[in-house]
Amino acid sequence: RTKRQAISAEPSALDPSQLTDVTLTSYCKSKESSDLIQRALMDNDFMKHLEHGQILTIMDCMRPTSLTKGCCVIQEGDDGSTVYVLEEGMVEVTKEGKKLCSIGPGKVFGELAILYNCTRTATVTALTDIKLWAIDRQDFQTIMMRTGLIKYSQYTDFLRSVPSFQSLAEDVLSKLADALEETRYSDGDYIIRQGATGDTFFIISDGQVKVSQQISANDEEAAVKTLSKGDWFGEQALKGEDVRTASVTAVGDVTCLVIDRESFKQLIGGLDDGSDKQHDSDEVKAKRQAEADFFSSVS
Ligand code: CMP
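Note that the structure is predicted; figures quoted are calculated from it, not measured.

A. View of the overall build of the protein. Within the protein, the regular secondary structure consists of 8 helices and 14 strands. Burial status across the protein gives 27% buried among its 299 residues. Considering only intrachain contacts with a sequence separation of at least 6, the fraction spanning at least 24 residues in the protein is 76%.

B. Representation of the nonpolar core in the model. In terms of nonpolar packing, the biggest core is built from 28 residues, with I191, F201, F202, V209, V248 and C256 touching the most fellow members. Those elements that provide at least two residues to this core are α5 (137-161), α6 (170-179), β10 (190-192), β11 (200-213), β13 (232-233) and β14 (247-260). Beyond its immediate sequence surroundings of up to four residues, F201 is in contact with W232, G234, E235, A237, L238, I259 and F264. Grouped together as the second largest cluster of nonpolar side chains are 27 residues, A40, V91, A113 and I135 included.

C. Looking closely at the site of the ligand. In the vicinity of the ligand there are 14 residues, among which F109, L112, A113, T121 and A122 approach most closely. Listed by contribution, the elements that provide at least two residues to the shell around the ligand are β5 (98-103) and α4 (111-116). Per element, the largest residue contribution to the shell around the ligand is 3 residues, and it comes from α4. In terms of residue class, the shell around the ligand is made up of 9 nonpolar, 3 polar and 2 charged.

D. Quick peek at the sheet that holds strand β7 (residues 123-126). Strand order across the open sheet formed by 4 strands is β2-β7-β4-β5, with antiparallel pairing between neighbours. Two strands lie at the open edges of the sheet, namely β2 (72-74) and β5, each paired on one side alone. Taking each pair of neighbouring strands and ignoring which way they run, the sheet shows an average axis angle of 30 degrees. As defined by bridge partners, β2 adjoins β7 across 2 bridges and the pair is classed as antiparallel. The partner of C72 across the bridge, within β7, is T125.

E. Inspection of the confidence of the model for the protein at higher detail. Per-chain confidence: the protein averages 83 in pLDDT, with 82% of residues scoring 70 or above. Confidence drops under pLDDT 50 across residues 1-16; counting only partners more than four residues distant or on other chains, this segment forms 21 contacts. Taken together, the chains of this predicted complex give a pTM of 0.57 and an interface ipTM of 0.95.

F. Quick peek at the sheet that holds strand β1 (residues 63-67). An order of β1-β8-β3-β6 is seen for the 4 strands of this open sheet, with the pairing classed as antiparallel. Strands at the two margins of the open sheet, each flanked by one partner only, are β1 and β6 (107-109). Neighbour-to-neighbour, the strand axes of this sheet turn through a mean angle of 35 degrees, independent of strand direction. Pairing analysis gives 6 bridges linking strand β3 (residues 82-88) to strand β8 (residues 130-136), with the strands arranged antiparallel. Looking at β8, one finds that E88 is bridged to K131. Strands β3, β6 and β8 of the sheet are contacted by helix α2 (residues 31-43), whose axis makes an angle of about 125 degrees with β3.

G. The pairing of strand β4 (residues 91-95), seen in detail. Of the strand pairs in this sheet, β4 and β5 are connected by 5 bridges, and their pairing is antiparallel. Bridging across to β5, E92 finds its partner in S102. The hairpin turn running from β4 into β5, its antiparallel successor, is 2 residues long, and E96 in that turn takes a positive phi close to 50 degrees. Direction of pairing for β4 relative to β7: antiparallel, over a ladder of 4 bridges. The residue bridging T94 from the neighbouring strand is T123, located in β7.

Thresholds applied
Residues numbered from 1 in each chain as written. Predicted model: local features only at pLDDT ≥ 70, side-chain atom pairs only at ≥ 80, totals over all residues. Helix = DSSP H or I, 4+ residues; strand = E, 2+ residues; numbered from the N terminus. Buried ≥ 20, exposed ≤ 12 C-beta atoms within 10 Å, placed from the backbone. Contact = placed C-beta atoms within 7 Å. Core = buried A, V, L, I, M, F, W, Y, C linked by C-beta atoms within 7 Å. Near = placed C-beta within 6 Å. Nonpolar A, V, L, I, M, F, W, Y, C, P; charged D, E, K, R; others polar. Pairing = 2+ DSSP bridges. Axes fitted to C-alpha atoms, helices over the stretch in contact; angles between N-to-C directions. pLDDT = per-residue confidence, 0-100.

Right, here's the structure in full:
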């Protein structure tokens, strides 16, 4: 087994500007293999919180490899350099000679040393001939950091394009971009349920949502309005209201940027109305004024 040169997992040890020079190689795979890898990553306790885009890029960069029965895939105490997803066969995990468990297809292993920059915590041996997908530390870390940087600059650009946020100081905008969490929904998903408690505020970064309200217990929910990219909702929560006053459901695939009440209040110290923008129509000015009044009332 050849040892690859270990690259520190400390994010600060990597110069972000150098990440643009790292070329990620993608490897063709069947739909079955792509699905298996994605499910494995999303099933792993340490990786399931990654963003969808990161999961897809890791999947894309995983290369195929195979080993015969009896081979040692990972040796406890070694410097780790690779994360694996098992596609076919079985492996056994042992620590200090004692069996911990057997692992079958569709599982990730070897993630701990790469995620936590520690030596291998256990030995992994092939119980049968095995087929694996593998990604090396440098690619893995590049994906983690590059995605973070791209996400950050995309959020900042996006927020700058939303009228309600245009008058925010650059440093507040940056902090806001940093604090936002991206969440994705599929058609028909409830993003907010009327009557439920919640303290989160949503900005739509992609797609459309339907806002609907039930006036009394026996009534059907009636559609109130449709919101799209750049619109926001859940704002009552910013004023301290815990109970949602309307339901919001996804119309098709939707991506929202989400922030909770406390983070929002810490970041936003009131917004200007932006009404000095000569080219705005009265309608746009009125909307800006209403938004500015709203944000200054909650902050
Ligand atoms: P890593 O420490 O990088 O290399 C050995 C791998 O064995 C480890 O990551 C985990 O993926 C896996 N492993 C360690 N302990 C256990 C356990 N108790 N159960 C299942 N898998 C484990």
